[in-house]
Amino acid sequence: MINITDEMRQLIDNALADRVPCALGTASRDGRPQISMKGSVLVFDRETLAYWERSKRSALENVNENPQAVIFYNNPEKRIRWRFHGAATVYEKGAIRDNVMGRTVKAELDRDPERQGVAVLVRLDRITELSGNVLQQRDQ
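Let us look at the structure shown here. Since we're looking at a predicted model, the values are computed, not measured.

### Quick look at the overall build of the protein
Moving on, step 1. The secondary structure content of the protein amounts to four helices and eight strands.
Moving on, step 2. Tracing the protein from N to C terminus, the helices and strands come up as α-β-β-β-β-α-β-β-α-α-β-β.
Moving on, step 3. Taken over C-alpha atoms, the radius of gyration comes to 14 Å for the protein, in line with the 14 Å a tight globule of 140 residues would show.
Moving on, step 4. For the C-alpha atoms alone, the extent of the protein along its principal axes is close to 40 × 35 × 25 Å.
Moving on, step 5. Counting the 140 residues in the protein, one finds 44% classified as buried.
Moving on, step 6. Residue pairs in contact within the protein that sit at least 24 positions apart in sequence constitute 67% of those at least 6 positions apart.
Moving on, step 7. Of the roughly 7800 Å² of accessible surface on the protein, 45% is carried by carbon and sulfur atoms.
Moving on, step 8. Looking at charge distribution, the protein has the averaged site of its 22 positive side-chain charges lying 2 Å from that of its 20 negative ones.

### Some points on unusual backbone geometry
Moving on, step 1. Unlike most non-glycine residues, K56 shows phi in positive territory, near 55°.
Moving on, step 2. Among the structural elements, K56 can be located in the loop between β4 (48-53) and α2 (58-65).
Moving on, step 3. The partly exposed category is assigned to K56, whose relative accessible area is 40%.
Moving on, step 4. The phi angle at R79 is positive, at roughly 60°, despite the residue not being glycine.

Conventions and cut-offs
Residues numbered from 1 in each chain as written. Predicted model: local features only at pLDDT ≥ 70, side-chain atom pairs only at ≥ 80, totals over all residues. Heavy atoms only, no water. Helix = DSSP H or I, 4+ residues; strand = E, 2+ residues; numbered from the N terminus. Rg over C-alpha atoms; globule rule 2.2 N^0.38 Å. Buried < 20%, exposed > 50% of the residue type's maximum accessible area, 1.4 Å probe, protein only. Contact = heavy atoms within 4.5 Å. Areas by Shrake-Rupley, 256 points an atom, 1.4 Å probe, with all protein chains shown as cover. Lys, Arg positive; Asp, Glu negative; His and termini not counted. Charge placed at Lys NZ, Arg CZ, Asp CG, Glu CD.

So this is what it looks like as structure tokens:
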């Protein structure tokens, strides 16, 4: 079962302000990996992370081709390193897009003044530590 904890929510939702933005790992259809910094990552609900995709480049292409993604939260000061694994879904319009846009940190939205970005939700299958220790896993 996936149940993002209150501690995780607090740290992820404040990652950009704390100067530890999350990294997004994706891969193309043919398996070419890509890492992108995402200052807009937020906890959407207890089993889903979201981010505002404003650049619409390779990370967006990858999740459209291959939805498997990982979001890495790394806070060296607190010695917390979590990996959130799951499947991404892109929302180009509608209520979910509007919800994510409305919850995205101002600094990220300011970089998209015309609000041309899209929302991406990552429904989690597993949460691990950097060591590989599984903290949570979706029931099969």
